[in-house]
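Letter by letter, the chains look like this.
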Number of protein chains: 2
Amino acid sequence: MWKPNRDSHLTFQEQIVDWIKSRIERGDWTVGTKLPTQRQLATQFNVNRSTVQLALDELRADGLLESKVGSGVFVANNSWNVLLSNSQPNWQKHIESSIHIPNYHTIQLINKYEQMDHIIRLGTGELSPELLPTKEIEDSLKNISLESKAIGYSSPQGSEKLRGILCNYLKKRGIQTLPENILIVSGALQALQLIAVGLLEEGSILFQEQSSYLNSVHPFQSSGMRMISVSRDTHLTNNLRALKGKRQSLFYCVPTLNNPTGYSWSLEEKQNLYSTCKELQIPIIEDDVYHELLFESSSPAIKSFDKSGQVLYIGSVSKTLSPGLRIGWVVAPSPVIERLADIKMQTDYGSSAFSQEIVAHWLANGLYEKHLVKLRKQLKVRATYVEEILEKDFQKIATWKKSEGGFYIWLRFHNPIVNKALFLKLINQNVLINPGYIYEPRDLHHIRISYAYASMEELKKGLKILYQLSQM
Amino acid sequence: MWKPNRDSHLTFQEQIVDWIKSRIERGDWTVGTKLPTQRQLATQFNVNRSTVQLALDELRADGLLESKVGSGVFVANNSWNVLLSNSQPNWQKHIESSIHIPNYHTIQLINKYEQMDHIIRLGTGELSPELLPTKEIEDSLKNISLESKAIGYSSPQGSEKLRGILCNYLKKRGIQTLPENILIVSGALQALQLIAVGLLEEGSILFQEQSSYLNSVHPFQSSGMRMISVSRDTHLTNNLRALKGKRQSLFYCVPTLNNPTGYSWSLEEKQNLYSTCKELQIPIIEDDVYHELLFESSSPAIKSFDKSGQVLYIGSVSKTLSPGLRIGWVVAPSPVIERLADIKMQTDYGSSAFSQEIVAHWLANGLYEKHLVKLRKQLKVRATYVEEILEKDFQKIATWKKSEGGFYIWLRFHNPIVNKALFLKLINQNVLINPGYIYEPRDLHHIRISYAYASMEELKKGLKILYQLSQM
């Protein structure tokens, strides 16, 4: 317990005032908090009650405390509090009106519990620390040579060296482009933010697949877009035509190893989407951050058969090399890239030059592709391990598709048991899941299992607890 | 000149269609552009006119081209164009309504000409490549050891290691804080963006000094804040009280080595601002990114006598170590930090882990402070050099204050000659200046001279041209 310091140059009263203020300002004592009694405080501080009283009087005069007759002394205010309580950033307003509250609350809890070491993270969409090439990156730092120009403020589109190297790399994905058609971003989420702010007016429509990653993050909702989920079936063309009307719209998809389902579109489905969107003048955002993690042969990107600049393509190293690099890229027609680059400069003056150097080095020297070969093997082992557990324990209560790559298995329970209550019961047992309803509010059947993050032992233990609780 | 390829698997017609489309989509031919005649195209492509005609017919059917009888064929549309022409991002709207157009246009030109190698940049607010410790950073990369946890997704507030080290570093600036009260950001501009979005509602007031850096960037205007410039004189308290009314407000200042003036507030002025803002419950944003470049003893930060959490403090390594790192920090009460961290996570999932490691390494090992000693000496030499030129040539036409540190000399011409015409005439002579009117629209007297960026030779040459043109 804190006590005033006899050796301080401040009086006891001053020290007590400062200490109470710091508790209020740090948020330990929020507005409305009742303070301990004067007697309790005097005992804690080992000072006279009159000293406590003088300190509280001073704080009352400052407006930070207030007395309520017969009930005690309360925290009344702080300068920041006035701001924090009155102001809601736009995204918050939009989220609250557009997304089910339990959904939003679940995401907040996921973010919170992901910070805790003792939690088994059955759904986390990132590589386990043991899968990251930490040592290899550390070694590669020794071989990186810097140029002064490269570590100053960036050009609006990002490192020219990296953009040149990416042009070559993207050729292997069937994508022909030029450095001027590439924008370096701080990860795929930033790309979506820039598109939302820079290309779309409020009230535009963002089409997406059912069960979409975009429902768990909020770049488009926070800019006032309308999100419409459509199914990828034979009615796609007619549905899009009817729904679009005269509004601006975009189609967002993860056609290779979708998040959260792990499914990939067939070549025919991709071609169908492309020609439909071309006809209806609906640009496509192709989020392709998982394709390098396909276990078998690569499925062509939609961008690879795009001759009309219809497709805005997004890639990243966050799922493959290291999320800490915060490096992704957008490929699009020049005017689109220029617009997005302009907004990025107004936002953060470009991405880290050092991260860009590291990614350029890994791509140019073949380190990246060598690492991918190894990573795919490790992920495959983990996928098989989880599938064996599922086959053993979950066959009577759930279905799933064998993983084709990436991080996820989209586990479907026969009964609609995946609700917030199950989510909370699991947290109570230190198991954190990503329930299907954060990707599609009406879905109470699915869980996104990720075999990429937790250790094998944790996966086993977590799935066992999941099985037990799903039986209750 | 491009011609269709005989060896392609595509027909001539298909190749021509693709080529024209790519020119349209890349923005080489914008909407409204008139195409060459069929005869000219046939000659260029070395094909029959009928082939050209069929290709153009196809593009007309797609809606990309249109014929106007008697005047030719024009670019009519492209998918992105519909988006780009209809939608204006919010910031653009706000900028256009809140800032003088010539101001905004000048800033656009500065951004453009800063990309060109042959331009003498007399105003650029960044370290010259020769002042960056490029070799030293490169060497330091060899000594950085990484932990897997550190290169995954960041915790919302940024690297705990770096925040701990910053607590120690900030003590030397008289600032007592805890890691939980620090947020790592991608440079000071991002800090301002997060504050604008996260803490303030539209219509809030942002107070600032006259001649303010904030008029040349737009984080607050784009969120719909009202900017009010006040002078730092004896009426400050009364002015703030009258102007604030019942609105939310913040006071933004760069009290040590202000951008663009280079001036520092006296201790008394700082204390006066602090107590006034405390009384009126106006939180202060103290932008302190230049203080490490003071040539003589350091002037205390306002944050150093803040006991009430009134001051939000911003620091950065962009002006001292390398802008390419994109690392800055915010010190504020916990609830403010949590709000800003939450929004940052929704925006870009944190700053580069590698940049954070590099900054932590430089701070913890004393490399940073060693570098600062050297850098201040180099800047002092440059400042003296420029001041000698000014004394020799400009004494009859302008005044200035001897630089106390940082990058800038705020050169004031006796006559109001610093207008857009002068700016453009200088560009014509390959000299780029930052005119005072981008920092204060009514100011036609000042130029922000930066002695930090151009080489000594360029500084001499650029100032000579400035002198000549200012005489005309």
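Owing to the predicted nature of the structure, the values given are computational and were not obtained by experimental measurement. (Residues numbered from 1 in each chain as written. Chains lettered and ligands numbered in written order. Predicted model: local features only at pLDDT ≥ 70, side-chain atom pairs only at ≥ 80, totals over all residues.)

With respect to the overall build of chain A
Step number 1: Across its full length, chain A carries 16 helices and 15 strands.
Step number 2: Overall, chain A is about 80 × 60 × 55 Å in size when its C-alpha atoms are taken along their principal axes.
Step number 3: Classification of the 472 residues of chain A by burial places 49% in the buried group.
Step number 4: Put simply, of all contacts in chain A between residues at least 6 apart along the chain, 74% involve residues at least 24 apart. (Helix = DSSP H or I, 4+ residues; strand = E, 2+ residues; numbered from the N terminus. Buried ≥ 20, exposed ≤ 12 C-beta atoms within 10 Å, placed from the backbone. Contact = placed C-beta atoms within 7 Å.)

Points about the sheet that holds strand S12 (residues 408-413) of chain A
Residue and element names in this part refer to chain A.
Step number 1: In spatial order, the strands read S11-S12-S15-S14; together these four strands make up an open sheet with antiparallel pairing. The open sheet has two edge strands with one neighbour each: strand S11 (398-399) and strand S14 (434-435).
Step number 2: Direction of pairing for S14 relative to strand S15 (residues 446-450): antiparallel, over a ladder of two bridges. Considered in S15, the bridge of Pro435 is made with Ile447. (Pairing = 2+ DSSP bridges.)

Considering the interface of chain B and chain A
Step number 1: Between chain B and chain A, the residue contacts involve 78 residues of the former and 77 residues of the latter.
Step number 2: Elements with a contribution of two residues or more to the side of chain B that touches chain A: helix H1 (12-25), helix H4 (79-86), helix H7 (134-141), helix H9 (188-198), helix H12 (334-348) and helix H13 (353-364) of chain B.
Step number 3: No other element matches the eight residues that H12 of chain B contributes to the side of chain B that touches chain A.
Step number 4: For the side of chain B that touches chain A, the residue count by class is 30 nonpolar, 33 polar and 15 charged. (Nonpolar A, V, L, I, M, F, W, Y, C, P; charged D, E, K, R; others polar.)

Regarding the relation of the copies chain B and chain A
Step number 1: When chain B is fitted to chain A, the best match, at an RMSD of 0.2 Å, comes from turning it 180° and sliding it 0.0 Å along the axis. With respect to symmetry, the two chain copies, as superposed, fit the operation of a two-fold axis. No C-alpha of chain B lies nearer the rotation axis than that of Lys142 of chain B, which sits 2.3 Å from it.
Step number 2: Residue by residue, 99% of the interface of chain B is reproduced at the interface of chain A, so both copies engage with the same surface. (Least-squares fit on C-alpha atoms with pLDDT ≥ 70 in both.)

Re the environment of Met345 of chain B
Residue and element names in this part refer to chain B.
Step number 1: Position of Met345 relative to the elements: it lies in helix H12.
Step number 2: Met345 sits 328 residues away from Val17 along the chain, and the two C-alpha atoms are 44 Å apart.
Step number 3: Apart from residues no more than four positions distant in its own chain, Met345 is found in contact with Pro156 and Gly350.

Notes on H12 of chain B
Residues and elements named next belong to chain B.
Step number 1: With 15 residues, H12 extends 21 Å from end C-alpha to end C-alpha; this agrees with the ideal 21 Å at 1.5 Å per step.
Step number 2: The buried fraction of H12 is high, at eleven of 15 residues.
Step number 3: All of the buried residues in H12 are Pro335, Val336, Ile337, Arg339, Leu340, Ala341, Ile343, Lys344, Gln346, Thr347 and Asp348. (Expected span 1.5 Å × (residues − 1).)

Quick look at the sheet that holds strand S5 (residues 205-209) of chain A
In any sheet, the strands associate via hydrogen bonds between backbone groups, in a parallel or an antiparallel arrangement.
Residues and elements named next belong to chain A.
Step number 1: If you walk across this open sheet you meet the seven strands as S4-S10-S9-S8-S7-S5-S6, and the pairing is mixed. Edge positions in the open sheet fall to strand S4 (182-185) and strand S6 (226-230), since each of these has one partner strand only. Averaged over all pairs of adjacent strands, the angle between their axes in this sheet comes to 20°, without regard to strand direction.
Step number 2: As defined by bridge partners, strand S7 (residues 249-253) adjoins strand S8 (residues 284-287) across three bridges and the pair is classed as parallel. Residue pairing for S8: Tyr252 is matched across the bridge by Ile285.
Step number 3: Against the sheet, helix H10 (residues 236-244) makes contact with S5, S6 and S7, and its axis sits at roughly 160° relative to S6, the strand it touches most. (Axes fitted to C-alpha atoms, helices over the stretch in contact; angles between N-to-C directions.)

Here we look at the packing of helix H8 (residues 160-171) of chain A against helix H13 (residues 353-364) of chain A
All names here are of chain A.
Step number 1: Put simply, H8 and H13 touch, their axes get as near as 9 Å, and they point 35° apart. Taken as a pair, H8 and H13 cross one another with a handedness that is left-handed. Residues Lys161, Leu162, Ile165 and Tyr169 of H8 lie in contact with H13, whose contacting residues are Gln356, Val359, Ala360, Leu363 and Ala364.
Step number 2: Looking at the contact of H8 with H13 residue by residue, the class counts come to seven nonpolar, one polar and one charged. (Left-handed = near helix turned anticlockwise from the far one by under 90°.)

Examining the pairing of strand S4 (residues 182-185) of chain B
All names here are of chain B.
Step number 1: Side chains Ile182 and Ile184 of S4 all project onto a buried face; the interleaved residues Leu183 and Val185 project onto the opposite face, where all are buried too.
Step number 2: Strand direction decides the pairing type here: S4 and strand S10 (residues 328-331), joined by four bridges, are antiparallel. Paired with Val185 across the two strands is Gly328, which belongs to S10.

Examining the domain arrangement of chain A
Step number 1: Domain assignment breaks chain A into domain 1 (12-84), domain 2 (97-129 + 371-470) and domain 3 (156-366).
Step number 2: Averaged C-alpha coordinates put domain 1 of chain A and domain 3 of chain A at centres separated by 52 Å. (Domains from an automatic or database assignment.)

Quick look at unusual backbone geometry
Negative phi characterises most residues that are not glycine, and trans characterises most peptide bonds.
Step number 1: Along the chain, Asn259 of chain A connects to Pro260 of chain A via a cis peptide bond; the corresponding omega equals 15°.
Step number 2: On the secondary structure map, Pro260 of chain A appears in the loop between S7 and helix H11 (267-279).
Step number 3: Positive phi values are uncommon outside glycine, yet Asn46 of chain B reaches one of about 60°.
Step number 4: With respect to the element layout, Asn46 of chain B can be found in the loop between helix H2 (38-45) and helix H3 (49-61).
Step number 5: Phi at Leu257 of chain B takes a positive value of approximately 55°, unusual for a residue other than glycine.
Step number 6: Along the chain, Leu257 of chain B turns up in the loop between strand S7 (249-253) and helix H11 (267-280).

Considerations on the nonpolar core
Step number 1: The biggest cluster of nonpolar side chains holds 215 residues, and the ones touching the most others in it are Val330 of chain A together with Ile284 and Val330 of chain B.
Step number 2: Tallying contributions element by element places helix H9 (residues 188-199) of chain A first for this core, with nine residues.
Step number 3: Val330 of chain A has contacts with Leu183, Val185, Ala191, Leu312, Ile314, Ile337 and Leu340 of chain A, leaving out every residue within four places of it along the chain.
Step number 4: Judged by nonpolar contacts, the second largest core, of 17 residues, contains Phe12, Ile24, Leu35 and Leu65 of chain A. (Core = buried A, V, L, I, M, F, W, Y, C linked by C-beta atoms within 7 Å.)

Some points on the confidence of the model for chain A
Step number 1: Confidence in the prediction for chain A averages 88 pLDDT; 94% of positions are at 70 or higher.
Step number 2: Per-residue pLDDT stays below 50 along residues 85-102 of chain A; that stretch engages in 26 contacts with residues further than four places along the chain or on separate chains. (pLDDT = per-residue confidence, 0-100.)

Description of the environment of Gln13 of chain B
All names here are of chain B.
Step number 1: Within the secondary structure, Gln13 sits in helix H1.
Step number 2: Note on Gln13: 19 C-beta atoms within 10 Å, which makes it partly exposed.
Step number 3: Along the primary structure Gln13 and Ile389 are separated by 376 residues, whereas in three dimensions their C-alpha atoms are 64 Å apart.
Step number 4: Those residues in contact with Gln13 that sit more than four places away from it in its chain are Thr51, Leu54 and Ala55.

A look at the environment of Leu56 of chain A
Residue and element names in this part refer to chain A.
Step number 1: Locating Leu56 in the fold gives a position in helix H3 (residues 49-61).
Step number 2: What makes Leu56 buried here is the crowd of 21 C-beta atoms within 10 Å.
Step number 3: Separated by 40 residues in sequence, Leu56 and Ile16 place their C-alpha atoms 8.7 Å apart.
Step number 4: With near-sequence residues (within four places) excluded, Leu56 lies in contact with Leu65 and Val73.

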